[in-house]
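Listed here are the chains, written in short residue letters.
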Amino acid sequence: MVALLNSSQIQELSSQIPDWKVEGKHLKIVKTFKDFIEAIAFVNKLVEPAETAGHHPDLEISYNKVTISLTSHDAGGLTEKDFALARQISTLL
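Described below are features of the structure shown in this document. (Residues numbered from 1 in each chain as written. Predicted model: local features only at pLDDT ≥ 70, side-chain atom pairs only at ≥ 80, totals over all residues. Heavy atoms only, no water.)

## Brief notes about the environment of Ile10
Stated formally: Going along the chain from the N terminus, every DSSP run of H or I of four or more residues is numbered as a helix, and every run of E of two or more is numbered as a strand. Throughout, a contact is declared for two residues whenever any of their heavy atoms are within 4.5 Å.
Position of Ile10 relative to the elements: it lies in helix H1 (residues 7–14). On a C-alpha basis, the gap between Ile10 and Glu80 in space is 8.9 Å, while along the polypeptide they are 70 residues apart. In this structure, Ile10 is in contact with Leu5, Val22, Leu78 and Phe83, ignoring residues within four places of it in sequence.

This is the structure:
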């Protein structure tokens, strides 16, 4: 099992991904696109990095808005895996 991060580690790592917010045991970002087609195209770009990492985000799609939430369910909170995937997703935005 991957080790949970402590609050100082979370604070340090979250400063490297300023568009993401820590909400409890989750990292979250909300992105708005021109329309539904662009939102879905973006979601499709998430498949490869998530599969490669073996770490899958929780997604919510509402027309042109995509909410991405990351947490390590098996560890019960935030781990380095969450921050690594968040950094990868940020390069797609």
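Moving on from the coordinates now.
## A closer look at helix H2 (residues 36–45)
Under the convention used in this document: Type-normalised accessible area, obtained with a 1.4 Å probe on protein chains alone, sets the label of each residue: buried when under 20%, exposed when over 50%, and partly exposed for intermediate values. Arc definition: directions from the helix axis to the C-beta atoms.
For H2, the set of buried residues is Ala39, Phe42 and Val43. Down the axis of H2, the smallest arc covering the buried residues is 100 degrees, so these residues share one side. Considering only its buried residues, H2 is in contact with helix H3 (47–53), strand S3 (58–62), strand S4 (65–70) and helix H4 (80–92).

## Concerning the sheet that holds strand S2 (residues 26–32)
To keep it simple, the criterion reads: When DSSP locates at least two bridges between a pair of strands, those strands are taken to pair. Geometry is summarised by axes, namely lines fitted to C-alpha atoms with helices restricted to the contacting stretch, and by angles between N-to-C directions that run from 0 to 180 degrees.
Ordered by their spatial adjacency, four strands build an open sheet running S1-S2-S4-S3, and the pairing between neighbours is antiparallel. The strands lining the two open edges of the sheet, one partner per strand, are strand S1 (21–23) and S3. Direction aside, neighbouring strands of the sheet carry axes that sit 25 degrees apart on average. Here S2 runs beside S4; their pairing, made up of six bridges, is antiparallel. Paired with Val30 across the two strands is Thr67, which belongs to S4. Strands in contact with H4 are S2 and S4; relative to S4, the strand with the most contacts, it is inclined by about 155 degrees.

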